[in-house]
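Observations on the model geometry
The lines below spell out each chain.
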Amino acid sequence: MNIIHPQAARYRPYADASGGWGSAFSVMNILWRQQALAQAPLALFKQNKPDGFACVSCAWAKPGNPHALEFCENGAKATAWELTSKKTGPDFFAQHPVSELRNWSDYDLERHGRLTHPLRFDAASGHYQAVEWEQAYREIGAQLRTLAPDSVVFYASGRASLEASFMWQLFARAFGTNNLPDSSNMCHESTSVGLQESIGVPVGTVTLADFEHTDCIFFFGQNVGSNSPRMLHPLQEARKRQVPIITFNPIRERGLERFVNPQSPTEMLGPESTIISTQYHQVKIGGDTAAVMGIIKALLAMDREASAQGRAAVLDHAFIAQHTEGLDSVVAEADGHEWAQLERRSGLDRGAMEAAATVYARSDKVMIVYGMGMTQHRHGVQNVQMLVNLLLLRGNIGKVGAGICPVRGHSNVQGQRTVGITEDPAKVPKDKLEALFGIQVPPHKGLATVDACKGILDGSVKGFIGLGGNFLRAVPDTSRMEPAWEGLSLNVQVATKLNRTHLFPGSNGWLLPCLGRIESDRQDGVEQVYSTEDSTGCVRAWKGTSTPASEHLRAEVAIIAALAQATLSGAERVPWEAWRRDYALIRAAIAEVYPQIFHDMETRMWEPGGFHRPLGAYERKWTTPSGKAQFVAPQGLDEDDDVATSPSRRDVLQLMTLRSNDQFNTTVYGYNDRFRGVQGTRTVIFLNRSDIVRFGLAAGDWVTVRTAIEPEVLREVGPLQIIAYDIPAGCAAAYYPECNALVPLWHHAERSKVPAAKSVPVTLRKVQPGPADLEHALPTKDQVA
Ligand SMILES: Nc1nc2c(c(=O)[nH]1)N[C@H]1C(S)=C(S)[C@@H](COP(=O)(O)OP(=O)(O)OC[C@H]3O[C@@H](n4cnc5c(=O)[nH]c(N)nc54)[C@H](O)[C@@H]3O)O[C@H]1N2
Ligand SMILES: Nc1nc2c(c(=O)[nH]1)N[C@H]1C(S)=C(S)[C@@H](COP(=O)(O)OP(=O)(O)OC[C@H]3O[C@@H](n4cnc5c(=O)[nH]c(N)nc54)[C@H](O)[C@@H]3O)O[C@H]1N2
Ligand SMILES: [Mo]
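Predicted model only: the values in this text are computed from it and were never measured.

What counts, and at which threshold
- Residues numbered from 1 in each chain as written.
- Chains lettered and ligands numbered in written order.
- Predicted model: local features only at pLDDT ≥ 70, side-chain atom pairs only at ≥ 80, totals over all residues.
- Heavy atoms only, no water.
- Near = heavy atom within 4 Å.
- Polar contact = N/O pair within 3.5 Å; in protein donor to acceptor, adjacent residues only side chain to side chain.
- Areas by Shrake-Rupley, 256 points an atom, 1.4 Å probe, with all protein chains shown as cover.
- Pairing = 2+ DSSP bridges.
- Helix = DSSP H or I, 4+ residues; strand = E, 2+ residues; numbered from the N terminus.
- Axes fitted to C-alpha atoms, helices over the stretch in contact; angles between N-to-C directions.
- Contact = heavy atoms within 4.5 Å.
- Nonpolar A, V, L, I, M, F, W, Y, C, P; charged D, E, K, R; others polar.
- Domains from an automatic or database assignment.
- Phe/Tyr/Trp six-rings, centres within 6.5 Å; stacked < 30°, edge-to-face > 60°.
- Buried < 20%, exposed > 50% of the residue type's maximum accessible area, 1.4 Å probe, protein only.
- Lys NZ or Arg CZ within 6 Å of the ring centre and 35° of its normal.
- pLDDT = per-residue confidence, 0-100.
- Core = buried A, V, L, I, M, F, W, Y, C linked by side-chain atoms within 4.5 Å.
- Salt bridge = Lys/Arg side-chain N within 4 Å of Asp/Glu carboxyl O.

**Section: the site of ligand 1**
- Close contacts around ligand 1 come from 30 residues, with Asn 249, Glu 253, Asp 288, Gln 663 and Asn 665 the closest.
- Backbone polar atom of Gly 286 to an oxygen atom of ligand 1: 2.7 Å apart, as the coordinates give it.
- A distance of 2.8 Å separates an oxygen atom of ligand 1 from a polar atom in the backbone of Met 372.
- Taken by itself ligand 1 offers 920 Å² of open surface, and the protein chains cover 99% of this.

This is how it looks when you write it as structure tokens:
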């Protein structure tokens, strides 16, 4: 069953800038609703500060010299959500059987508050019941030992600290498997694959300091106002220096248009807002490869003309000759496409692409920021590589103020990969791990997210342990995954809040409640600190300060140590218990395994802003097989091979699944998407006016949405209410995770296997929602307050 609670939409285009009073009200509102006023306001002063905690929301860099209040609207919501005084304890579970909770919305499940006790699912009664920690560890360990190592999946969601993550991968490998999927498999794996091949590093090359020196910023498919709002401050500063910002996005995201700094009294009281984007190009969904090809075509034309007229070159030929390889293939592609073709594929006119090229050519230091609008496509890796191609043309990598800037999702998702969470044993220092810890790293690849899902579907995966996350709700193909998930013989979830994944416990389901990162972590009475790596490769230390939600909570490090001890034979040489008592010992081990990155970590992690991990590309040392940065020609301009086979089908729209301004992934804070003008609902679909009319529909009508590929499998979501929106014809948008049932598991990016959640071919069917549906249609007061 795909859980969806239709609610009638109220829609009024948002007239204000992002930030501003709307943002301040929204923060106050959630503090109130979550009954978080006891701890959260104080905690907010510690957020992203040297003596405080790393925001549990996004991965954007935290400056070394923070503002008095270094947080954004959505970071404050995340803090309130974690520090809520509401509890979901044993009495809650005694009252509500799991079968009943399956009818609850994501919002209702999480807003009930923090999990307080370790719980085991009791199949006979259908309820979760409280157990003692020691019993949980013992029984989980015993059950794990009965399973073949490669039939167990160790998932990590990208929040856990470097310390916990390092222990996690060691636990999995000591157990005998590389089955280490993490949330980046649904997120920036296209980046890891694409950048590694193009410039020899799997991560971005831009740091916060680059924003102070850049003279042009491109934005592709990233919604800064909702998903990394703290970045609006450096953007605003850049705009004050007249730095042009050129955006490519199918919809006009408010945060990319105008911003009022909610922490500036003069801006809050005055009429001024900062215009963020100086050019805004509403590219078609999946049209970016064509758009960038158009920019490159225009640059080549300018360069040829300059050369013919004896003027200074437009391309950086010296850089290209010394540092790169493969330009010819890209030039051939650009020459091989007519403008009309590029216009049709991108949805932009030639003038728009030339305008972007002109500003690009005028600027010495250009950076490109991008997000899920690029990576979550069938050609997600190619999209990323096209951006690198554009940067390389004028030497915009390895130069202050320039570079590539993927905006990572979770606060430590990048760091988890750095300390070994990956399914590919070739990416970890196998010899060191084996010599230091007396383990055998399995030589064969393990399962990443999509393959783990396949294993769950075909029954070969039998055990699943999740370190955070709401896996079952975040992955594609909900309607096929949920029943298959029940076939798991062991299902262990380490979590802070109840979510839908927990409601499919299988025969042995465990729910282990952990401390959040904002909470003070004391082991045997001694305060512990932890570390993370942000989106710009900066590693730094943090400390939780608030009183834990329950005395029964355990730290993630402690849970992993205990599970490992209960499961493994003890023949390996991992000092689990000593590590639990003193996290500095874990950091020492990390530094021993990865000395180049983490040497002297214990002192360097306290430097203002943290220390930056060394990156070859930053210094123009290209760790690619050729020793050069690689231009990579795209295979074609088509967004999606699945749909390209049926160009005659004009009833098919490309659907992107988006986050609202009131959610963190599958955590739904509320039902307002303020910047997009939607109030009181998430069951909407944004459509272009011509498409609405063409299909004989009207704004306000209800439709079901059906996946238009693989017709033998029915994938359908609805009813959703139509909002007429400023979105290119042929494109549609609706919310994630409600629409995940529409994404076929196999519909993922080539090579990176990131689910193509931003381009799902769909058709619409008008429906009249019946009275049963409308029972849920009126949002409760609480939801819209
Ligand atoms: N408050 C908050 N912050 C978050 C999160 C959250 O849910 N809430 N999630 C975190 C995580 S894990 C991640 S990965 C990031 C996600 O942050 P984003 O990368 O911003 O992800 P999305 O919200 O999915 O939005 C993607 C943007 O891409 C655009 N887009 C879609 N398709 C295309 C396309 O084909 N071309 C172009 N050019 N644009 C396109 C959409 O219109 C949208 O603006 O944010 C992190 N931060
Ligand atoms: N259709 C579609 N699907 C998508 C996406 C999309 O854009 N469209 N985006 C994808 C992306 S980019 C991502 S990253 C995924 C992520 O999707 P999710 O798995 O939803 O990510 P989380 O925010 O990690 O999961 C939330 C849960 O983590 C638990 N949690 C919170 N804090 C902690 C903590 O400190 N420790 C522990 N152990 N648990 C904690 C809580 O129980 C909470 O319910 O979704 C992906 N799925
Ligand atoms: Mo993500």
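**Regarding the sheet that holds strand S16 (residues 463-467)**
- Strands sit in the order S6-S5-S18-S17-S16-S7 across an open sheet of six strands; the sheet is mixed. Looking along the sheet, the strands with just one partner apiece sit at the ends: strand S6 (127-130) and strand S7 (152-156). Each neighbouring strand pair of the sheet contributes to a mean axis angle of 20°, computed without reference to strand direction.
- Here S7 runs beside S16; their pairing, made up of five bridges, is parallel. Along S16, the bridge assignment pairs Val 152 with Gly 463.
- Relative to the sheet, helix H8 (residues 162-175) contacts S7 and S16, its axis offset from that of S7 by approximately 170°.

**Looking at the sheet that holds strand S15 (residues 403-406)**
- A sheet is described by the order of its strands in space; here five strands give the open sequence S12-S9-S8-S14-S15, paired in parallel fashion. Sheet topology places strand S12 (279-281) and S15 at the edges, where each strand pairs with a single neighbour. Averaged over all adjacent pairs, the angle separating strand axes in this sheet is 15°, with direction ignored.
- Sheet analysis places strand S9 (residues 245-248) next to S12, joined by three bridges and oriented parallel. Counterpart to Ile 246 in the pairing with S12 is Gln 279.
- Against the sheet, helix H18 (residues 350-362) makes contact with strand S8 (216-220), S9, S12 and strand S14 (366-370), and its axis sits at roughly 140° relative to S12, the strand it touches most.
- Taken strand by strand, helix H20 (residues 380-393) contacts S8, S14 and S15, and its axis lies near 170° from that of S14.

**Brief notes about the site of ligand 2**
- Close to ligand 2 lie 31 residues; Glu 110, Glu 556, Thr 666, Tyr 736 and Asn 740 are nearest.
- Ser 157 places a side-chain nitrogen or oxygen 3.1 Å from an oxygen atom of ligand 2.
- Within the backbone of Lys 497, an N or O atom sits 2.8 Å from an oxygen atom of ligand 2.
- Relative to its unbound accessible surface of 930 Å², ligand 2 loses 97% to contact with the protein.
- The class makeup of the residues in the shell around ligand 2 is 11 nonpolar, 14 polar and six charged.
- Two domains each provide a minimum of three residues to the shell around ligand 2, namely domain 1 (2-15 + 642-784) and domain 2 (76-184 + 412-615).

**Regarding the packing of aromatic side chains**
- This structure, assessed with the given rule, holds 31 aromatic pairs.
- Centre to centre, the rings of Tyr 107 and Tyr 671 are 5.2 Å apart; their planes meet at 80°, and the pair counts as edge-to-face. In this pair, Tyr 107 sits in helix H6 (residues 106-111) while Tyr 671 sits in the loop between strand S27 (667-668) and strand S28 (678-679), placing the two residues 564 residues apart along the sequence.
- Judged by relative accessible area, Tyr 107 falls into the buried class, the value being 2%.
- Residues Trp 168 and Phe 171 carry aromatic rings whose centres are separated by 6.4 Å and whose planes lie at 75° to one another, so their mutual orientation is edge-to-face. You can see Trp 168 and its partner Phe 171 sitting in helix H8, three residues apart, about one turn around the helix.
- For Phe 171, a relative accessible area of 0% gives the class buried.
- In this structure an aromatic cluster arises from ring pairing among Phe 154, Phe 166, Trp 168, Phe 171, Phe 175, Phe 437, Trp 576 and Trp 579.
- Here Arg 102 stacks its cationic end above the ring of Phe 504, 4.0 Å away from the centre of that ring.
- Above the ring of Phe 611, the side-chain terminus of Arg 604 is found at 3.9 Å from the ring centroid.

**Examining helix H9 (residues 189-199)**
- Among the 11 residues of H9, eight are classified as buried, and the element is accordingly described as predominantly covered.
- Glu 189, Ser 190, Thr 191, Ser 192, Gly 194, Leu 195, Ser 198 and Ile 199 are the residues of H9 that are buried.
- Contact partners of the buried residues in H9: S14, helix H19 (372-375), H20, S15, helix H21 (413-418) and strand S24 (629-630).

**A few points about the pairing of S15**
- Where burial is concerned, the two faces of S15 agree: the one with Gly 403 and Cys 405 and the one with Ile 404 and Pro 406 are both buried.
- Examined bridge by bridge, S14 and S15 share four bridges and lie parallel to one another. Across the sheet, the residue bridging to Val 369 is Cys 405, located in S15.

**Structural notes on the confidence of the model for the chain**
- The share of residues in the chain with pLDDT of 70 or more is 94%, and the mean pLDDT across the chain is 91.
- Contacts from residues 775-785, a stretch scored under 50 in pLDDT, to residues over four places away or in other chains number 21 contacts.

**A look at the nonpolar core**
- Ranked by size, the top nonpolar core spans 68 residues in total, and within it Phe 166, Phe 437 and Phe 598 carry the most contacts.
- Apart from the residues within four sequence positions on either side, Phe 598 is in contact with Leu 162, Thr 418, Val 419, Val 539, Ile 590, Ala 591, Arg 604 and Phe 611.
- One finds Val 203, Ala 298, Leu 342 and Val 388 within the second-largest nonpolar core, a separate group that totals 58 residues.

**Considerations on the pattern of salt bridges**
- As enumerated under the stated definition, the model contains 41 salt bridges in all.
- The salt bridge partner of Glu 237 is Lys 240, with a shortest N-O separation of 4.0 Å. Residue Glu 237 and its partner Lys 240 are located together in helix H12 (residues 232-240), separated by three residues, close to a single helical turn.
- Overall, Glu 237 belongs to the partly exposed group, its relative accessible area being 46%.

**Concerning the environment of Lys 445**
- For Lys 445, the location among the structural elements is in the loop between helix H22 (430-437) and helix H23 (449-458).
- For Lys 445, a relative accessible area of 56% gives the class exposed.
- Put simply, Lys 445 and Val 206 are 239 residues apart on the chain and 31 Å apart in space, counted from C-alpha to C-alpha.
- Beyond its immediate stretch of four places on either side in the chain, Lys 445 contacts Asn 178, Glu 423, Asp 424 and Pro 425.

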